[in-house]
Amino acid sequence: MLPSNLVELRPNRRLLDHEFEGYKLNLNALPQHVLELISNVDRLFPGEVQYSFVHAKLFALHNHLIVDYWDHAFNFYYIDKNQQVRNTSFESISNTFQQGIVYDVPAHEERKSGHFNLCLNFASSTLAVISDGTGYLHIVDTGLRNNPVTKKQMWSTAFSCLALGSGTYFVIVDTKFQANESKEVLHCLLQSVEQNDKQFNSILSWITFENNGQCWKQSVLKQIQGKGIVHYSAIETNCSAVYIASDNTFKFTLDSEREIVEPQPEQPRQIIYTWLQTPDDVTITLQLENKFDKNLLLINVSPVSIKITYAGKDFVNGKLKSKIDSELTTWNVQQNGQVDVLITKSDSMIWEELIDGGDKNGEQIMDASLVEEAHRRLMHLCAETEVVPDRTVQGLSTQELEECDAASEEDTVLVRLDASNHTTTHRVPLSVHQFLFNIKLETEGVPALCLRHDVDACIWQPYPHLINTDIWPVKHQGTLMAFGYIQSSKQNRKFVTCSPNFSYGVVCEATRHVFIYKSSSNVGCQLRKRTEGAMKNIKVGQQFVINVEKYGEVLGINATNDYLFILTESKLIAIEMM
């Protein structure tokens, strides 16, 4: 198995503002425009056998408000109780809505307990993929969708199939569309849940469909499996890998195109000698067999290399890390067969390794005096050591810490799994960052991840792995000031998102409140600092609280730069960002 490269997330300092103090409650009401839906949103609840946390997350956090990223107008879709896809658009000039039906989802199977919610995902400007929640997947030809609702054409079904077999239900996570002169290729990433004797596993099925100009057909099926929930998953833009963020390890378990080769376990190292160093010399120790013959021991040392053999067997052989004084080399053979070889360094220094390039047959033994010296030099970093008097460090009482400041016990990792060799090529540890949500920033790119960084929330955009390099670029695109701290304090949050230009963040509860945080700083604001008692101009943002209890439970949400759209079972609300 190839070793995975560790990717370190370093925020762009120009996108951080350490002078930002927080948010001040703004009591002004934001303008709201409400549409009464002609037909209510279709929604399912988990069945009796769907009692795991994986199922609860898939159902509760299902966003029923579908956005068309290929249409830059305020154009949204949802699926109603009659399993019809309804298009709803908002005109910002007149603040009016339009709604209409564009597609009837084919009902191949009667709905029952255990089925999933219907899913709609746009793969291109003219193609959509729909899951009916009962196991059927539909590839739909939508035509160009940038016409007004009143002029939109009805969509047509191009292909339908029982994607994962009878009895396996799923949701659509991601889709990617590729086209060339000879054929069109559609990649679909589906998530299902499988229960075994001990646990619930998440299954990510990567299905590839091809169209040669006559019809669609399924060509390749890959499956990736792991324990527990998936925080984030997406197909790489060039469709050569899949990204997964989870608390557990995921690996390929099925590939209809290529054989999956299980990695061979590493052979344990066979240590046949040890070496101990000081800044001036190195002692090499090895053990000979019983009833050894000293005449069969050969030790050859030059200023740059060393070779120690016994009866034709090499113990040490290679180029030394640095030059030595070969004339001062001595060795001693004890009666029990232990051989000690002392070589003297030309320059007083500590070597990183004995043999240049490393030697798996040897192991370094740390000198107790060197360890003590290292500890002495690092004493000022220890908690038990008194701080240097000329440096003033402000103390922090643990009583001032809140629950949201506590470190997470989960070890969340974002990985890149290569589709060709089925290996994890890159890893991004997220446990210290805390995954918050994902947001689509680029039409054909993968969703960006929002991660907590100290009290802020940083938006990271993954890009395709660079060819002929080991680099997987993950770029810091923007920051929501103090949002990481704020969202952690909202225990009843359901949806968390932000605008594409990062001007505001949103924490939405299921039934009561929507909290909006606009980070545009107000330098003219004055607040009294508790520690000093003086008035001071500080940078603060604005917090708005919207009561949505009268509209019913929130089933979907989407934040644009100018409006926040909220979908309930019977209404669509547009909140204007002043």
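Before reading on, note that the structure itself is shown above.
Anyway, here's the lowdown on the structure attached to this text. (Residues numbered from 1 in each chain as written. Predicted model: local features only at pLDDT ≥ 70, side-chain atom pairs only at ≥ 80, totals over all residues. Heavy atoms only, no water.)

Some remarks on the nonpolar core
In this structure, L137, A163, L186, L190 and F209 are the most contacted members of the largest nonpolar core, which totals 28 residues. Those elements giving two or more residues to this core turn out to be α1 (53–60), β9 (127–131), β10 (136–141), β11 (156–162), β12 (171–179), β13 (184–195), β14 (200–211) and β15 (216–227). Element by element, the count of residues in this core is highest for β13, at four residues. Sequence-distant contacts of L186, that is, excluding residues within four places in its chain, are made with A123, L127, V129, I139, K176, I207, T208, F209 and W216. In this structure, Y310, I343, W351 and L354 belong to the second largest nonpolar core, which totals 21 residues. (Core = buried A, V, L, I, M, F, W, Y, C linked by side-chain atoms within 4.5 Å. Buried < 20%, exposed > 50% of the residue type's maximum accessible area, 1.4 Å probe, protein only. Helix = DSSP H or I, 4+ residues; strand = E, 2+ residues; numbered from the N terminus. Contact = heavy atoms within 4.5 Å.)

Section: α1
Listed as buried for α1 are V54, H55, L58 and F59. In a view along the axis of α1, the buried residues occupy a sector of 120 degrees, so they form one face of it. Residues of α1 that are buried in the fold lie against β12, β13 and β14. (Arc of directions from axis to C-beta.)

Description of the packing of aromatic side chains
For the structure shown, the criterion picks out 19 aromatic pairs. Taken together, the ring pairs connect F74, F76, F90, F97, Y563 and F565 into an aromatic cluster. In this structure, K222 packs its charged tip against the face of W206, placed 5.2 Å from the ring centre. (Phe/Tyr/Trp six-rings, centres within 6.5 Å; stacked < 30°, edge-to-face > 60°. Lys NZ or Arg CZ within 6 Å of the ring centre and 35° of its normal.)

Notes on the pattern of salt bridges
Between side chains of opposite charge, a pair can form when the charged atoms approach closely. A full pass over the atoms with the stated rule returns 18 salt bridges. One salt bridge connects K571 with E36, and the closest N-O pair in it is separated by 3.3 Å. Of the two residues, K571 sits in strand β41 (residues 571–576) while E36 sits in strand β3 (residues 32–36), which places them 535 residues apart along the sequence. Taking relative accessible area as the criterion, K571 reaches 18% and is therefore assigned buried. In this structure, D80 and R86 form a salt bridge, with 2.7 Å as the shortest nitrogen-oxygen distance. The residues D80 and R86 share a single accessibility class, namely buried. (Salt bridge = Lys/Arg side-chain N within 4 Å of Asp/Glu carboxyl O.)

Regarding the environment of Q487
Looking at the secondary structure, you find Q487 in helix α3 (residues 483–488). Judged by its relative accessible area of 2%, Q487 falls in the buried class. Expressed as a C-alpha distance, the spacing of Q487 and R452, which sit 35 residues apart in the sequence, is 9.7 Å.

What to know about unusual backbone geometry
Backbone geometry places C239, a non-glycine residue, at a positive phi of 60 degrees. Along the polypeptide, C239 turns up in the loop between β16 (230–235) and β17 (241–246). Positive phi, close to 65 degrees, is recorded for F502, a residue that is not glycine. Relative to the helices and strands, F502 resides in the loop between β33 (493–498) and β34 (504–509).

A look at the environment of Y243
Here Y243 lies in strand β17. A distance of 3.4 Å separates the side chain of Y243 from the side chain of W472, its partner in a polar contact. (Polar contact = N/O pair within 3.5 Å; in protein donor to acceptor, adjacent residues only side chain to side chain.)

Shape descriptors only; they carry no functional weight alone.
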